Amino acid sequence: MQYVLLLVLIVVVIAQAILVWKAAPHWRWYQITPVVITTILAVIFVFPVAGALKSRSEWHKVKEDLEARLALVEAEQLELRYGDPNDPLSGEGVLPMAQKLAKLGTEAGRRWRGLRLTNANFDNIGQIVLTNPQPEVPVDGLPPEPADDAAAEAAPLPLIPEGLVVYGFAEGPQPNLEVPVPIFYLGEYRVTATSPTQVTVQPTAPLLPQQRQAIESRQAVSWSVYELLPLDGHEPFIAEGSVEDDNNVFGRIDDELVNRLLSNPISAQSRAEYLRDGTRSLPDDEPLSKWVKIEFTKNHEITVDSPDQRGALDGGFFDGSGRAVDSRLQHGDSGKVKFAKDDLLIVQEEAADELIDLDVARLIDTYYIRPLNDYRFVLRRIRLRLAELSTRTQELTYENEVLQRAIDATVKMTAAGQGEKLMLEQDFEQTEVERKSLEVYNERLASELKETRQRLVKLYRSNQQLEKELQMFHESIVTPGESLTSTR
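Residues numbered from 1 in each chain as written. Predicted model: local features only at pLDDT ≥ 70, side-chain atom pairs only at ≥ 80, totals over all residues. Heavy atoms only, no water.

By the naming in an unreviewed UniProt entry, the protein chain is Myosin heavy chain, neuronal-like protein, taken from Rhodopirellula bahusiensis.

Quick word on the overall build of the protein chain
Applicable threshold: Helix and strand assignments come from DSSP, with helices taken as H or I runs of at least 4 residues and strands as E runs of at least 2, each series counted from the N terminus. The classification of residues rests on relative accessible area computed with a 1.4 Å probe and restricted to protein chains. Under 20% of the type maximum is buried, over 50% is exposed, and intermediate values are partly exposed. Residue contacts are counted whenever heavy atoms from the two residues lie within 4.5 Å of one another. The Shrake-Rupley method, run with a 1.4 Å probe, gives the accessible areas here. Residue values count only the displayed protein chains as cover.
On a plain count of helices and strands, the protein chain comes out with nine helices and 11 strands. Burial statistics for the protein chain: of 488 residues in total, 20% are counted as buried. In the protein chain, once contacts between residues fewer than 6 apart in sequence are set aside, the share between residues at least 24 apart is 63%. Carbon and sulfur atoms form 59% of the exposed surface of the protein chain, whose accessible area is close to 36400 Å².

Regarding the sheet that holds strand E4 (residues 181–194)
Rules: Only when DSSP finds a minimum of two bridges between them are two strands counted as paired. Here an axis means a line fitted to C-alpha atoms, over the contact stretch when the element is a helix, while the angle between two N-to-C directions is reported on a 0 to 180 degree scale.
Pairing is antiparallel around the closed barrel formed by six strands, whose spatial order is E1-E2-E5-E4-E3-E6. With direction set aside, neighbouring strand axes in the sheet form an average angle of 50 degrees. As paired strands, E4 and strand E5 (residues 198–203) are joined by five bridges and run antiparallel to one another. For Thr194, the partnering residue across the bridge sits in E5 and is Val199. Where helix H5 (residues 209–216) meets the sheet, it contacts strand E1 (111–121), strand E2 (127–131), E4 and strand E6 (222–226), and its direction lies at approximately 80 degrees from that of E4.

Observations regarding the packing of aromatic side chains
Where we set the bar: Stacked, tilted and edge-to-face are the three classes applied to pairs of Phe, Tyr and Trp rings, where Trp contributes its six-membered ring and a pair requires centres within 6.5 Å; stacked means planes under 30 degrees apart, edge-to-face means over 60, and tilted covers the rest.
A complete count under the given rule lists five aromatic pairs for this structure. Each ring, one from Phe237 and one from Tyr274, has its centre 5.2 Å from the other, and the planes form 65 degrees; the classification is edge-to-face. Here Tyr274 lies in helix H7 (residues 268–275) and Phe237 lies in the loop between E6 and helix H6 (255–261), a separation of 37 residues in the sequence. Note on Tyr274: relative accessible area 10%, which makes it buried.

With respect to the pattern of salt bridges
The cut-off we apply is this: What counts as a salt bridge is simple: a side-chain nitrogen of Lys or Arg found within 4 Å of a carboxyl oxygen of Asp or Glu.
Applying the stated criterion across every chain, the model contains 17 salt bridges. A salt bridge links Lys293 to Asp246, with the shortest nitrogen-to-oxygen separation between them at 3.9 Å. Placement of the pair is Lys293 in strand E7 (residues 290–296) and Asp246 in the loop between E6 and H6, with a sequence separation of 47 residues. Asp246 gets classed as exposed once you look at its relative accessible area, which sits at 52%. Across the pair Arg280 and Asp365 runs a salt bridge, and its minimum N-O distance is 2.6 Å.

Description of the UniProt feature "transmembrane region" (unreviewed entry) in the protein chain
Note the threshold: UniProt positions are given in the numbering used here, feature names are shortened, and annotations may be inferred rather than shown by experiment.
When the UniProt feature table is mapped onto this chain numbering, "transmembrane region" (unreviewed entry) sits at residues 32–53. From the first C-alpha to the last, residues 32–53 spans 31 Å; its make-up is 100% helix and 0% strand.

Description of the nonpolar core
Going by this rule: What is meant by a nonpolar core is a set of buried Ala, Val, Leu, Ile, Met, Phe, Trp, Tyr and Cys residues, joined one to another through side-chain atoms within 4.5 Å.
Judged by nonpolar contacts, the single largest core of 22 residues is most densely connected at Ile128, Leu130, Ile160, Leu186, Tyr189, Ile215 and Trp223. At the level of elements, E1, E2, strand E3 (165–172), E4, E5, H5 and E6 are the ones that each hand at least two residues to this core. Those residues in contact with Ile215 that sit more than four places away from it in its chain are Leu117, Ala120, Phe122, Ile128, Leu186, Tyr189, Leu207 and Trp223. Grouped together as the second largest cluster of nonpolar side chains are nine residues, Val292, Phe296, Ala352 and Leu355 included.

Here we look at a negative patch on the surface
The condition is simple: Like-charged residues are merged into a patch within 9 Å and nonpolar side chains (Val, Leu, Ile, Met, Phe, Trp, Tyr) within 5 Å, provided each residue has over 30% relative accessible area and no salt bridge. Working convention for charge: Lys and Arg count positive, Asp and Glu count negative, and His plus the chain ends are omitted. To locate a charge, take atom NZ for lysine, CZ for arginine, CG for aspartate or CD for glutamate.
Together, Glu350, Asp353, Glu354 and Asp357 make up a region of like negative charge exposed at the surface. Along the chain, Asp353 falls in helix H8 (residues 349–357). What makes Asp353 partly exposed here is its relative accessible area of 37%.

Things to note about the UniProt feature "coiled-coil region" (unreviewed entry) in the protein chain
The feature "coiled-coil region" (unreviewed entry), as annotated in UniProt, sits at residues 435–469 in this numbering. The distance from the first to the last C-alpha atom of residues 435–469 is 48 Å, and the span holds 100% helix and 0% strand.

So, unusual backbone geometry
Despite not being glycine, Arg218 has its phi angle at roughly 65 degrees, a positive value. Counting through the fold element by element, Arg218 comes out in the loop between H5 and E6. By relative accessible area, which is 40% here, Arg218 ends up partly exposed. Positive phi, normally seen in glycine, also occurs at Asp342, with a value near 75 degrees. Looking at where Asp342 falls in the secondary structure, it is placed in the loop between strand E9 (336–339) and strand E10 (344–348). For Asp342, a relative accessible area of 48% puts it in the partly exposed group.

As for the sheet that holds E7
Taken in spatial order, the three strands of this open sheet run E10-E7-E11, and their pairing is antiparallel. Of all strands in the sheet, those bounded by a partner on one side alone are E10 and strand E11 (361–368). The average angle at which neighbouring strand axes cross in this sheet is 30 degrees, direction not considered. Where E7 and E10 come together, five bridges link them in antiparallel fashion. From the neighbouring strand, Lys293 faces E10, where its bridge partner is Ile346. In the packing of H8 onto the sheet, the strands contacted are E7, E10 and E11, and the crossing angle to E7 comes to about 30 degrees.

Overview of the pairing of E7
Both faces of the sheet carry side chains from a regular strand, because those side chains alternate between them. With respect to burial, E7 is a largely interior element, six of its seven residues being buried. Pairing between E7 and E11: seven bridges, direction antiparallel. Paired with Trp291 across the strands is Tyr367, a residue of E11.

Here we look at the confidence of the model for the protein chain
How we decide: A score between 0 and 100, pLDDT records how confident the predictor is in each residue.
A residue-level look at the protein chain finds 89% of positions with pLDDT of 70 or above and a mean pLDDT of 82. Between the elements of the protein chain, mean pLDDT differs from a low of 50, seen in helix H4 (residues 149–153), to a high of 92, seen in E11. Contacts of residues 136–143 to residues separated by more than four positions or lying in other chains number three contacts, the stretch itself having pLDDT below 50.

Regarding the environment of Met97
With respect to the helices and strands, the residue Met97 is situated in helix H3 (residues 94–108). On a C-alpha basis, the gap between Met97 and Tyr82 in space is 9.1 Å, while along the polypeptide they are 15 residues apart.

Re a nonpolar patch on the surface
Nonpolar side chains collect at one region of the surface, where Val36, Ile37, Ile40, Leu41, Ile44, Phe45, Val49 and Leu53 lie side by side and expose about 710 Å² of accessible area between them. Looking at the element boundaries, Ile44 is found in helix H2 (residues 29–82). Looking at Ile44, the relative accessible area reads 47%, which means it is partly exposed.

Set out below in structure tokens:
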């Protein structure tokens with residue numbers, strides 16, 4: 001194309017020269033001179049104009065490229081900021097993640113990480129000294145604001161406020177994480193002394209044997225200290241990249257993570273509850289764990305704000321009907337949440353039954369959702385349970401000792417009874433021998449007695465006979481004698 005333009009330019013110059021040559025006989029010098037100068041200047045300025053046009057074309061391409069890149073960067077920025085709603089697998093945006101991080105930060109309260117165990121003394125009341133080996137980094141990850149002169153001259157703040165009740169965790173590495181994270185609960189403590197780089201804490205209750213062993217054996221060298229206990233949730237156990245579907249309202253549970261974190265000493269039943277979280281419910285599931293997905297068949301609104309206005313410390317966050325009384329939890333406006341037809345909602349079975357009875361919704365499916373734990377009460381209940389079990393163990397140990405002494409006494413009595421039994425058996429055998437001898441002797445005496453009795457009977461009868469004979473003899477003698485006496 002550029003050669004064509006050059007050829008046209010040459011033709012125009014030649015035509016201009018011919019026209020000037022033809023007009024020369026009729027023109028004056030002052031007419032020919034401007035035409036010639038104009039022609040020369042036109043030829044000379046063609047090249048700067050061509051360069052300018054070429055540069056403009058190149059810059060126009062650069063502009064279009066930059067505009068395309070700007071549109072791409074703006075789209076990427078929007079995606080990074082808000083995420084891609086059409087592609088859940090791409091992950092969440094910075095703002096939703098920042099909101100979740102802020103929510104977690106609010107729920108977790110203040111926390112101090114990377115503290116090093118300096119000293120642990122359990123002789124009397126038990127005190128543990130923790131040291132911060134590096135300058136404290138703000139929990140939000142932002143660089144500290146420059147301090148003014150008055151703040152710079154002020155004394156440095158203590159590491160942790162004195163008198164604060166905190167919760168200690170042992171830190172350790174985890175797969176796919178570059179920073180150590182809490183892996184073992186070390187108990188509840190009260191800050192008794194503090195400085196900008198060091199803090200002394202004291203257990204609020206006797207530590208468990210596992211906690212004390214971890215501290216004394218220096219297994220828990222790196223500590224994380226939390227102002228509040230972490231809250232239980234469903235999302236931490238969801239596999240990365242998993243999305244909710246009809247089979248699971250939260251997404252696929254990370255089995256490897258659950259089995260790694262809840263290996264021992266948790267029971268198989270409790271581990272199964274974490275693995276089943278968000279799946280379809282079974283007929284024998286407890287009512288508190290049954291949640292129902294419903295679809296609204298009509299436009300409906302639910303009042304969620306209570307007409308009463310008070311703080312949570314004056315009687316809780318909700319009134320007797322479950323409506324919010326704390327202004328921080330209230331929905332605002334009219335105090336009602338509106339649902340349109342075909343909206344989906346997952347609620348507890350009792351609330352779903354109420355909406356279905358009102359004929360404003362229909363049942364879609366029923367799911368098992370694990371009841372969340374409140375670790376403040378769970379840990380105290382576990383500690384009380386352990387104390388109760390310890391007391392029961394002592395009672396059972398004492399009863400076992402008593403039973404053991406009774407068993408030992410019974411064994412001794414049994415041994416003594418065995419000896420007596422042997423002696424009694426010997427006496428019995430001797431008694432049997434004597435009894436048989438006595439029976440023989442008795443039979444012999446009975447025989448002799450019978451013979452003696454028979455002889456006595458015979459003698460008795462013989463004596464009676466003799467007595468009769470003597471009587472007769474006497475009478476025979478007495479009668480003649482009397483007759484003789486009377487004759488005289």
